Amino acid sequence: MNIQETYTSLGLSDFEYDRILELMGRAPNFLELSLFSVMWSEHCGYKNSRPLLGRFPNRGPQVLQGPGENAGVVEVGDGWALVFKMESHNHPSAVEPFEGAATGVGGIIRDVLAMGARPVALLDSLRFGPLDDERNRYLFREVVRGIGHYGNAVGVPTVGGEVEFARAYSGNPLVNAMCVGIIRSESLMRARAVGEGNLVILFGAKTGRDGIHGATFASDELGEGSEERRPNVQVGDPFAEKMLIECSLRMLDEDLLVSLQDLGAAGITSSASEMAAKGGVGIEIDTSLVSLREEGMEPWEIVISESQERMLAIVEPEKAGEVLKLAERYELEAAVVGRVASHGDLRILEDGEVVGTVPAGHLADAPTYEREVVRPSYLDAIEPLDLDLATLPPPEDYSSALLAMLAHPNLCSRRSVYTQYDHQVGANTVVLPGADAAVMRIKDTSLGFAATADCKGRHCYLDPKGGAASAVAEAYRNLSCVGAEPVALTDCLNFGSPEKPEAYYQLVSCIEGLAEACEVLNTPVVSGNVSLYNETERGAVYPTPTVGMVGLFEDVNRRATPAIKREGDALVLVGDFRPSLGGSEYLEIVYGRMAGTPPAPDLAGEKAAADAVRRAIAAGVVDTAHDLSGGGLAVTLAEMAMKGGVGVEARLLPGGRQDVALFGEVGGCILVAVPEERLGELEEHLGGVHHNRIGQTGGERLKVAGIDVGLDELRGAYERDLFERYAPEGGQIG
Amino acid sequence: MRIGVTVFPGSNCDRDAMHGIERAGAVPVELWHADADLKGVDAVVVPGGFSYGDYLRPGAIARFAKVMGPLEEFANSGGPVLGVCNGFQVLTEAHLLPGALLRNSNMRFICDRVAVRVENTGTPWTSLFEPGHELTLPVAHNEGNYFADERTLAELEDEGRVVLRYLENPNGSANDIAGICSEGRNVVGLMPHPERASDPLLGSGEGLRVFESMLRFAGARA
């Protein structure tokens, strides 16, 4: 192999190789080239997204740590802080779904742990192709099993998330995992190496050949050869991770560490060079000191191995003994593998001999690409906002239409998914999965937090900027529906190849939409992740900028859920109700069409409605709220009735076509149920926000316009088992 | 009153159990797996989780941990022991309770809230319940499908050693068994998690009565 073939096979371009030559002033050896290859991959280096991410607002009064660390941090109160981040594990999950999803969970937990926080909640945002395809069923089943396998054993509850199915994700599922941790804010750690002569300790699992060049694999399109890249996928051991969590927290508790960093993509290389670059120092690693799982590993393999369940700590020499002893107590491998130096390089040694040395700053400084933004032609071909309703005959039977929608994989209950996840371990889960957002308490305080993950890929495809803004708005609304004040978000930007104009346009537009919404809603982006090249030979995934947002409760006892609590409550629709069929579930499920522009987000109206409902919840006036989302008003009513076991009788607001009012989608609308005697108080909180009383709770049926269905029949459609229904004849389920 | 909580590598409900014990008014004491020492506690909880990663078989490795030596002696001499979920599995592996817990019949992990009935109030851990009391408790397990041979099942039933029974069987357990006790009534194994139902804020505080039962039992004994 000549040098060009070598760097090309490592995923580096001619331009990038020339840049390396220029920076180094000499030709790098193979190990050094490997370091650049992993650190300059899209996955680690954010080559295409970095110039765009600066658009995000990332400051706010409650932000303690914005982007640039392992996770973002916001202040809760009483000295507590929340640490959170979301990350993708799409490529590994496409070829090895069980381990891919499992290690995705493990990786995001370590990001939160590296900040010094105890991980207390997990959420997963998942996307698959339709379940009529056997491969998609396999991916779905194994991803869910993998998440459960890891999360359940590691003892962090999986409390929320979302699942969406669409043809665009066939063969390229999206697996985004989010973790939230809590910490006393004075105990926050940062991944910054300091102090010449301090020691570098690697602890956790042994280092093997798994995941070599995983970061590079994650930075390429999926194709025919992807199956052969299974060896690029890491294998997870949640048992080791559990020990790693307890051991790391104990070390931090005893104030033994100067700095802590997890090992994720690009292994030791990424951890050590980032710590060195941030601290303005050098780090030396002697690979002969790393305890190995396999024999005959070369130094370059050792430093880029992505073996899971490992952490890197910077420790003062006099505390090293204590650190090693604690690791032994938790039955973890641990060794001093290097030291902090003043030279500024990531220097790799083998038995004391230097085998490669690169300035850490160069590794952290991947070249960036800014491309021309060209509006793709498909956007012009999408039917305009005003769908020709004449081509859509209204359904003959509205009850059947509702039942068909409730049974659709995109709208039905997620119960068959979340019952496979331990969502209660830790004894902090106040609102269980199935509500608008998960609600967690902070023990021994009245404080709590809520978390949600949201995005509608189809909307982002039909209207990249508006769809992305709507994702932020939906998260804001979901948190408000449970009564939590939204404070900040993490994002996971899943897109196709940025080298293709269509995906690049989507990326740029979605970032703009997210940023605008964050500004209006005052929810800064404090951490995030970018996953590009989500493409197969069939094309790119829908642009999917997943938003993971957290909100806070001063008093977690003041909260709401969608379940109707009582008979005789008044149903009040809050928000400007202007439903549309553009890009709706109804259009796709009942008519098999994906067309029209989804409703443009009215961010100011969104904020006013959500804030008003949240104030009413905080005041103890409202305990029942649910937003209007996929499937429109009819689905919202049905869910509230089913979850509460109480029927509803509602009427539609005058004007417009009946099916548009029932099933059309709209942002910024929340349905609340309040006892008659509290209507006055509710009105006060709503102030000038649009609202209409549309019915009352009671009985055991859902009655609205042409719909009249019993709760049992609704449940029969909604509570389907997503794994069973599509199991092949005689095939295994679960 | 001091209640020990064993901590194996991979236990993950140990902190929840300690929290529940504290809320019930007792003092939780960590019993580290590698120390053959019960620290003079009055009772022991073997908590849920995935001890030793569930490798080989849930509970199969934990039963050989150092702490199990004195724990077995304690149990055999009448000391009150409660195994929850993985703790139940550990106690069956250690032959402190009969039978075994197999994979759930639907071959999936199940996390849910299930209705159960208290069948035996003559154990230290259930003495505060009314016989036949029905309550809802969380479950979270992959192997909760209770199995024993016909003779053992008949013995358990005849001797009133079924402590908790599912009203709707989630996992295929024989005779809808959710919990059993030893011949001496002092060792109890439950698949549902009482410690997760230890606060009305989390939906139910009824699980606390399991620990409160222990307090009353100890009080009565003293």
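All of these numbers come straight from a predicted model, not from anything done at the bench.

1. Description of the overall build of chain A
Right, so step 1: The helix and strand inventory of chain A stands at 26 helices and 28 strands.
Right, so step 2: For chain A, the C-alpha atoms occupy an extent of roughly 80 × 55 × 50 Å along the three principal directions.
Right, so step 3: Expressed as a percentage of its 734 residues, the buried residues of chain A come to 64%.
Right, so step 4: Considering only residue pairs separated by 6 or more positions, chain A has 85% of its internal contacts joining residues 24 or more positions apart.
Right, so step 5: Total accessible area on chain A stands at roughly 24,200 Å², and carbon and sulfur atoms take up 46% of it.
Right, so step 6: Positive and negative side-chain charges of chain A, numbering 63 and 108 respectively, have mean locations separated by a distance of 3 Å.

2. Topic: the nonpolar core
Soluble globular proteins tend to pack their nonpolar side chains together in the buried interior.
All names here are of chain A.
Right, so step 1: In terms of nonpolar packing, the biggest core is built from 132 residues, with Phe 140, Phe 203 and Leu 257 touching the most fellow members.
Right, so step 2: Those residues in contact with Phe 203 that sit more than four places away from it in its chain are Leu 244, Cys 247, Ser 248, Met 251, Leu 260, Glu 309, Arg 310, Met 311, Ala 313, Leu 332, Glu 333 and Ala 334.
Right, so step 3: Among the nonpolar cores identified, the runner-up in size contains 65 residues, and Val 431, Cys 518, Ile 670 and Val 689 belong to it.

3. Comments concerning the UniProt feature "domain: PurM-like C-terminal" (unreviewed entry) in chain A
Right, so step 1: On the UniProt side, "domain: PurM-like C-terminal" (unreviewed entry) is annotated at positions that read residues 196–347 and 566–700 of chain A here.
Right, so step 2: A helix fraction of 37% and a strand fraction of 19% characterise residues 566–700 of chain A, whose end C-alpha atoms lie 12 Å from each other.

4. Considerations on the interface of chain B and chain A
Right, so step 1: With 28 residues of chain B at the interface, the matching set in chain A holds 38 residues.
Right, so step 2: For chain B, the biggest contributors to the area lost against chain A are Arg 108, Leu 201 and Leu 202 of chain B; these three give 25% of the whole.
Right, so step 3: At the boundary of chain B and chain A, one finds 5 salt bridges.
Right, so step 4: A salt bridge links Asp 422 of chain A to Arg 196 of chain B, with the shortest nitrogen-to-oxygen separation between them at 2.8 Å.
Right, so step 5: For the pair chain B and chain A, the interface holds 12 residue pairs in polar contact (both at pLDDT 80 or more).
Right, so step 6: For the side of chain B that touches chain A, the elements supplying multiple residues, two or more each, are α1 (14–24), β2 (27–32), β6 (110–118) and β7 (134–141) of chain B.
Right, so step 7: Counted by class, the side of chain B that touches chain A contains 13 nonpolar, 6 polar and 9 charged residues.

5. What about empty space enclosed by the protein?
Rolled over the atoms, a probe sized like a water molecule indicates the empty space that remains.
Residues and elements named next belong to chain B.
Right, so step 1: Applying the stated criterion across every chain, the model contains 3 cavities of 30 Å³ or more.
Right, so step 2: Here the largest cavity defines a volume of roughly 120 Å³.
Right, so step 3: Taken together, 17 residues form the lining of the largest cavity, with Gly 49, Phe 50, Cys 85, Ala 140 and His 141 sitting closest to its centre.
Right, so step 4: Elements with a minimum of two residues in the lining of the largest cavity: α3 (86–93) and β7.
Right, so step 5: Tallied by class, residues from the lining of the largest cavity come to 5 nonpolar, 8 polar and 4 charged.
Right, so step 6: Space inside the second largest cavity adds up to approximately 60 Å³.
Right, so step 7: Lining the second largest cavity we find Val 118, Thr 126, Phe 129, Leu 135, Leu 137, Leu 164, Leu 190, Pro 194 and Val 210.

6. Here we look at the packing of helix α20 (residues 501–521) of chain A against helix α22 (residues 603–618) of chain A
All names here are of chain A.
Right, so step 1: Between α20 and α22, the shortest axis-to-axis distance is 10 Å and the interhelical angle comes to 45°. With respect to each other, α20 and α22 are oriented oblique. You can see that α20 and α22 cross each other, and the crossing is right-handed. On α22, the residues that touch Glu 516, Ala 517, Val 520 and Leu 521 of α20 are Leu 603, Ala 604 and Lys 607.
Right, so step 2: For the contact of α20 with α22, the per-class residue count stands at 5 nonpolar, no polar and 2 charged.

7. Quick word on the pairing of strand β3 (residues 80–88) of chain A
Residue and element names in this part refer to chain A.
Right, so step 1: Most of β3 is tucked away: 8 of the 9 residues are buried.
Right, so step 2: Note that strand β2 (residues 72–77) and β3 share 5 bridges and pair antiparallel. Within β3, the residue paired with Val 73 across the bridge is Val 83.
Right, so step 3: Connecting the antiparallel pair β2 and β3 is a turn made up of 2 residues, with Asp 78 showing a positive phi of about 55°.

8. Here we look at the environment of Ser 51 of chain B
All names here are of chain B.
Right, so step 1: Along the chain, Ser 51 turns up in the loop between β3 (43–46) and α2 (68–76).
Right, so step 2: Ser 51 gets classed as buried once you look at its relative accessible area, which sits at 2%.
Right, so step 3: In this structure, the C-alpha to C-alpha distance between Ser 51 and Arg 63, residues 12 residues apart in sequence, is 9.7 Å.
Right, so step 4: Setting aside residues no more than four positions away along its own chain, Ser 51 makes contact with Phe 8, Pro 9, Gly 10, Ser 11, Gly 59, Ala 62, Asn 86 and Val 90.

9. What about the sheet that holds strand β26 (residues 691–697) of chain A?
Residue and element names in this part refer to chain A.
Right, so step 1: One open sheet holds the 7 strands; their spatial order is β23-β25-β22-β26-β24-β27-β28, and the pairing between them is mixed. Two strands in the sheet have a free side with no partner beyond their single neighbour: β23 (624–627) and β28 (707–710). Here the strands of the sheet are splayed against their neighbours by 20° on average, with no regard to which way each runs.
Right, so step 2: Of the strands in this sheet, β22 (569–574), β25 (670–675) and β26 touch helix α25 (residues 679–686), which is tilted by about 15° from β22.
Right, so step 3: Against the sheet, helix α26 (residues 711–718) engages β27 (701–704) and β28, with an angle of about 85° to β28.

10. Section: the packing of helix α10 (residues 238–253) of chain A against helix α13 (residues 320–329) of chain A
In a packed pair of helices, the relevant descriptors are the angle between the two axes and the axis-to-axis distance.
Residue and element names in this part refer to chain A.
Right, so step 1: Their axes nearest at 9 Å, the elements α10 and α13 cross at an angle of 150°. By the angle class used here, α10 and α13 are roughly antiparallel. Here α10 runs over α13; the crossing is right-handed. Contact with α10, carried on its side by Cys 247, Arg 250 and Met 251, involves Val 323, Leu 326, Ala 327 and Arg 329 of α13 and no other residues of that element.
Right, so step 2: Across the contact of α10 with α13, the residue classes break down as 5 nonpolar, no polar and 2 charged.

11. Focus: the pairing of β2 of chain A
All names here are of chain A.
Right, so step 1: As judged from the 2 bridges shared by strand β1 (residues 63–65) and β2, these two strands associate in the antiparallel manner. Among the inter-strand pairings, Val 63 is bridged to a residue of β2, identified as Val 74.
Right, so step 2: As consecutive antiparallel partners, β1 and β2 are separated by 6 residues, and within that stretch Gly 68 has a phi angle of approximately 115°, a positive value.

12. Notes on helix α23 (residues 632–644) of chain A
Residue and element names in this part refer to chain A.
Right, so step 1: The terminal C-alpha atoms of α23, which comprises 13 residues, lie 19 Å apart, in line with the 18 Å expected from a rise of 1.5 Å per residue.
Right, so step 2: Of all 13 residues making up α23, 11 are buried, and the element is well covered by its neighbours.
Right, so step 3: Three or more residues of α23 are buried, namely Gly 632, Leu 633, Ala 634, Val 635, Thr 636, Leu 637, Ala 638, Glu 639, Met 640, Ala 641 and Met 642.
Right, so step 4: Gly 645 sits one or two residues past α23 and shows a positive phi near 70°.

13. With respect to the confidence of the model for chain A
Right, so step 1: For chain A, mean pLDDT is 93; residues scoring 70 or higher make up 96% of the total.
Right, so step 2: Here residues 726–734 of chain A is a poorly scored stretch, pLDDT under 50, and it has 13 contacts once near neighbours within four places are set aside; other chains count.

14. Describing the side chain of Thr 126 of chain B
Residue and element names in this part refer to chain B.
Right, so step 1: With respect to the element layout, Thr 126 can be found in the loop between β6 and β7.
Right, so step 2: A distance of 2.7 Å separates the side chain of Thr 126 from the backbone oxygen of Asn 120, its partner in a polar contact.
Right, so step 3: Side-chain polar atoms of Thr 126 contact the side chain of Thr 123, separated by 2.7 Å.
Right, so step 4: Once you skip the residues sitting within four places of it in the chain, Thr 126 turns out to touch Val 118, Asn 120, Thr 121, Val 163 and Ser 213.

15. Examining the pattern of salt bridges
Working definition: two side chains of opposite charge can pair if their charged atoms are close together.
Right, so step 1: Taken as a whole, this structure holds 54 salt bridges over all chains when the rule is applied.
Right, so step 2: Note that Arg 165 of chain B and Glu 119 of chain B form a salt bridge whose closest N and O atoms lie 2.4 Å from each other. Here the residue Arg 165 of chain B occupies a position in strand β9 (residues 162–166), and Glu 119 of chain B occupies one in the loop between β6 and β7, the gap between them amounting to 46 residues.
Right, so step 3: Classification of Glu 119 of chain B as partly exposed rests on a relative accessible area of 29%.
Right, so step 4: What emerges from the salt-bridge pattern is a single network uniting Glu 284, Arg 339, Asp 345 and Arg 347 of chain A.

16. As for the sheet that holds strand β13 (residues 353–359) of chain A
All names here are of chain A.
Right, so step 1: If you trace the 7 strands from one edge of the open sheet to the other, you get β8-β10-β7-β11-β9-β12-β13, paired in mixed fashion. At either margin of the open sheet sits one strand with a lone partner, and together these are β8 (259–262) and β13. Within this sheet the neighbouring strands show an average axis-to-axis angle of 25°, counted without direction.
Right, so step 2: Pairing analysis gives 6 bridges linking strand β12 (residues 345–350) to β13, with the strands arranged antiparallel. Bridge assignment links Arg 347 to a residue of β13, and that residue is Thr 357.
Right, so step 3: Along the sheet, α13 contacts β7 (199–204), β10 (310–315) and β11 (333–341); its crossing angle with β7, the most-contacted strand, is approximately 5°.

Reading the values: rules and limits
Residues numbered from 1 in each chain as written. Chains lettered and ligands numbered in written order. Predicted model: local features only at pLDDT ≥ 70, side-chain atom pairs only at ≥ 80, totals over all residues. Heavy atoms only, no water. Helix = DSSP H or I, 4+ residues; strand = E, 2+ residues; numbered from the N terminus. Buried < 20%, exposed > 50% of the residue type's maximum accessible area, 1.4 Å probe, protein only. Contact = heavy atoms within 4.5 Å. Areas by Shrake-Rupley, 256 points an atom, 1.4 Å probe, with all protein chains shown as cover. Lys, Arg positive; Asp, Glu negative; His and termini not counted. Charge placed at Lys NZ, Arg CZ, Asp CG, Glu CD. Core = buried A, V, L, I, M, F, W, Y, C linked by side-chain atoms within 4.5 Å. UniProt positions renumbered as here; feature names shortened; annotations may be inferred. Buried area = accessible area lost by both parts, 1.4 Å probe. Salt bridge = Lys/Arg side-chain N within 4 Å of Asp/Glu carboxyl O. Polar contact = N/O pair within 3.5 Å; in protein donor to acceptor, adjacent residues only side chain to side chain. Nonpolar A, V, L, I, M, F, W, Y, C, P; charged D, E, K, R; others polar. 1 Å grid on protein atoms, 1.4 Å probe; cavity = no way out; pocket = protein on both sides within 12 Å on 5 of 7 lines; lining within 4 Å. Points joined across faces, edges and corners; volume = space filled by probe spheres on them. Axes fitted to C-alpha atoms, helices over the stretch in contact; angles between N-to-C directions. Parallel < 35°, antiparallel > 145°, perpendicular 65-115°, else oblique. Left-handed = near helix turned anticlockwise from the far one by under 90°. Pairing = 2+ DSSP bridges. Expected span 1.5 Å × (residues − 1). pLDDT = per-residue confidence, 0-100.

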